[in-house]
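Below are the chains, spelled out letter by letter.
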Amino acid sequence: MELRQLRHFVAVVEAGNLSVAASKTYLSQPALSRSIKNLETTLGVQLLERKARGVVPTEAGERLYTEAMFILSECGRVHEDMAAIESGQDSSVHLGIAPMFGAYVVDNAVGELRRNAPGIALRVTEVLYPELVDGVMKGTFDVAFTNFPFGNVPKGLSTETIYEVTSILAVGAQHPLARKRAVVPADFAGARWAILSHGHVSTVIEQFMMANGLPPPTDVVATNSLLLIRSLILNEGFISMMPAEVFGREAAAGTVKSLKVSTGPLHRPAGLLYRTRAQTRKSVEIVKDALRAACRRAKLALP
């Protein structure tokens, strides 16, 4: 099995069409077909099957696609590490983070890393949970820091809980509900909601509202922007269920209030997400340790 064969296979899977993949890999279609056939012969399995609209991976092909992406990503990481060493640094680490942590925990960890491990070329990318899972599986991210949805992570990934996220029903200080001792179902008639645009978020909110005898959101603006959600809460009278940590500064200033419900805030685990069988690298372990330490400090800082 050769790296070029894996690249050819990945190109076909992503294009879903041999002709398009051949163009992208600068090969003739017969040459690309031979490369895929040789790979199938080497592995002893069928990787692709023809459908009316092109080619799709078999079950074995799906598995190989994920593994191939990881292998190719690791090869790319070797190049990044060599470039880092050439520029006087030790190695590179790509950290994926959930949106809420960009201004909480991770900023503290990055500050520590710059002070104590300046030789690590650190890259941080903020995406939602599904993209974090996909990135860790494929090796795009060396490790991710995120809150965990309810349920198991995909096979091949491991989690390490090192923090507990506290989610609240948040409103601006001028919202009529901000002055209530406790909310009741009638309070949510005509309520406008701003939530993160990911399936499990809306499910969690619905379950939380039902557990408190409150109606689930109906008038909803879904977005992947925490900045927009914050602005809608502060300036436009929206409600959102968000981690309290997101509104730390606003809560301290009194511009964001938490609605009182019978069950209290919702607590959810958060922490590290990484590939189970990935080779351990010292630089990645240093980044993990910095995140663990930042979580310990954040817990101590909570009121």
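Residues numbered from 1 in each chain as written. Predicted model: local features only at pLDDT ≥ 70, side-chain atom pairs only at ≥ 80, totals over all residues. Heavy atoms only, no water.

Caption draft 1: Fine view of the pairing of strand β6 (residues 157-172). When you tally the buried positions in β6, you get twelve out of 16 residues, the bulk of the element. Of the pairings in the sheet, the one linking β6 to strand β11 (residues 266-275) comprises ten bridges and is antiparallel in character. Paired with Thr166 across the two strands is His267, which belongs to β11. Pairing between β6 and strand β9 (residues 240-243): four bridges, direction antiparallel. Its bridge partner being in β9, Ala170 is matched across the sheet by Ser240. In the sheet, β6 pairs with strand β10 (residues 256-258) via three bridges, with the strands oriented antiparallel. Bridge pairing in β10 places Val171 opposite Lys257. (Buried < 20%, exposed > 50% of the residue type's maximum accessible area, 1.4 Å probe, protein only. Helix = DSSP H or I, 4+ residues; strand = E, 2+ residues; numbered from the N terminus. Pairing = 2+ DSSP bridges.)

Caption draft 2: Just the pairing of strand β7 (residues 192-196), in detail. Judged by how many residues are buried, β7 sits mostly within the fold: four of five residues are covered. Of the pairings in the sheet, the one linking β7 to strand β8 (residues 219-223) comprises five bridges and is parallel in character. Bridge pairing in β8 places Arg192 opposite Asp219.

Caption draft 3: The arrangement of the pattern of salt bridges in detail. Evaluation of the coordinates by the stated rule reveals eleven salt bridges. The partner of Arg4 in a salt bridge is Glu2, and the shortest N-O contact between them spans 2.6 Å. Residues Arg230 and Glu250 are paired through a salt bridge, measuring 2.9 Å at the closest nitrogen-oxygen approach. With Arg230 in helix α8 (residues 226-235) and Glu250 in helix α9 (residues 248-253), this residue pair connects regions lying 20 residues apart in the sequence. On the accessibility criterion, Glu250 (14% relative accessible area) is buried. Among the ionic contacts, a cluster of salt bridges with common partners joins Arg63, Glu67 and Arg275. (Salt bridge = Lys/Arg side-chain N within 4 Å of Asp/Glu carboxyl O.)

Caption draft 4: Spotlight on the nonpolar core. Ranked by internal contacts, the top residues of the largest apolar core, which has 70 residues, are Phe101, Val105, Phe145, Leu169, Phe188, Trp193 and Leu291. Apart from residues no more than four positions distant in its own chain, Val105 is found in contact with Phe145, Leu291, Ala294, Cys295 and Ala298. With 20 residues, the next largest nonpolar core counts Leu6, Val13, Leu18 and Leu47 among its residues. (Core = buried A, V, L, I, M, F, W, Y, C linked by side-chain atoms within 4.5 Å. Contact = heavy atoms within 4.5 Å.)

Caption draft 5: Region of interest: the packing of helix α1 (residues 3-15) against helix α3 (residues 29-43). Closest axis-to-axis distance for the α1/α3 pair is 9 Å, and the angle between their directions is 110 degrees. When the interaxial angle is binned, α1 and α3 end up roughly perpendicular. Note on packing geometry: the crossing formed by α1 with α3 is left-handed. The segment α1 lies against α3, with Gln5, Leu6, His8, Phe9 and Val12 engaging Leu32, Ser35, Ile36, Asn38 and Leu39. Here the contact of α1 with α3 is composed, by residue class, of six nonpolar, four polar and no charged. (Axes fitted to C-alpha atoms, helices over the stretch in contact; angles between N-to-C directions. Parallel < 35°, antiparallel > 145°, perpendicular 65-115°, else oblique. Left-handed = near helix turned anticlockwise from the far one by under 90°. Nonpolar A, V, L, I, M, F, W, Y, C, P; charged D, E, K, R; others polar.)

Caption draft 6: Representation of the environment of Ala252. Inspection of the secondary structure puts Ala252 in helix α9. Ala252 sits in the exposed class, given a relative accessible area of 71%. Separated by 27 residues in sequence, Ala252 and Ser225 have C-alpha atoms that sit 22 Å apart.

Caption draft 7: Here's a closer look at the layout of surface pockets. Quantified by volume, the largest pocket comes out at close to 820 Å³. Along the wall of the largest pocket there are 34 residues; nearest its centre are Tyr104, Ala244, Glu245, Val246 and Gly248. Mapped onto the lining of the largest pocket, the elements with two or more residues apiece are α5 (106-116), β6, α8, α9, β10 and α10 (282-301). Counted by class, the lining of the largest pocket contains 18 nonpolar, eight polar and eight charged residues. (1 Å grid on protein atoms, 1.4 Å probe; cavity = no way out; pocket = protein on both sides within 12 Å on 5 of 7 lines; lining within 4 Å. Points joined across faces, edges and corners; volume = space filled by probe spheres on them.)

Caption draft 8: Region of the structure containing the packing of aromatic side chains. Under the defined criterion, the tally for this structure stands at three aromatic pairs. Relative to Trp193, the ring of Phe188 has its centre 6.2 Å away and its plane inclined at 20 degrees; by these criteria the two rings are stacked. Accessibility expressed as a relative area gives 2% for Trp193, which makes it buried. Above the face of the Tyr274 ring, Lys288 is positioned so that its terminal group lies 3.8 Å from the ring centre. (Phe/Tyr/Trp six-rings, centres within 6.5 Å; stacked < 30°, edge-to-face > 60°. Lys NZ or Arg CZ within 6 Å of the ring centre and 35° of its normal.)

Caption draft 9: Main features of the confidence of the model for the protein. Per-residue pLDDT for the protein averages 86, and the proportion of residues at 70 or more is 93%. Ranking the elements of the protein by mean pLDDT puts helix α4 (residues 59-86) last with 75 and α5 first with 94. (pLDDT = per-residue confidence, 0-100.)

Caption draft 10: Geometry of helix α6 (residues 129-138). Here α6 lies mainly inside the structure; seven of its ten residues are buried. Those residues of α6 that sit buried are Tyr129, Leu132, Val133, Gly135, Val136, Met137 and Lys138. One or two positions beyond α6, positive phi appears at Gly139, with a value near 85 degrees.

Caption draft 11: Quick look at the side chain of His94. The residue His94 is located in strand β3 (residues 91-97) in this model. We classify His94 as buried; its relative accessible area is 4%. Here Thr140 takes part through its backbone oxygen, which lies 2.9 Å from a polar atom of the side chain of His94. (Polar contact = N/O pair within 3.5 Å; in protein donor to acceptor, adjacent residues only side chain to side chain.)

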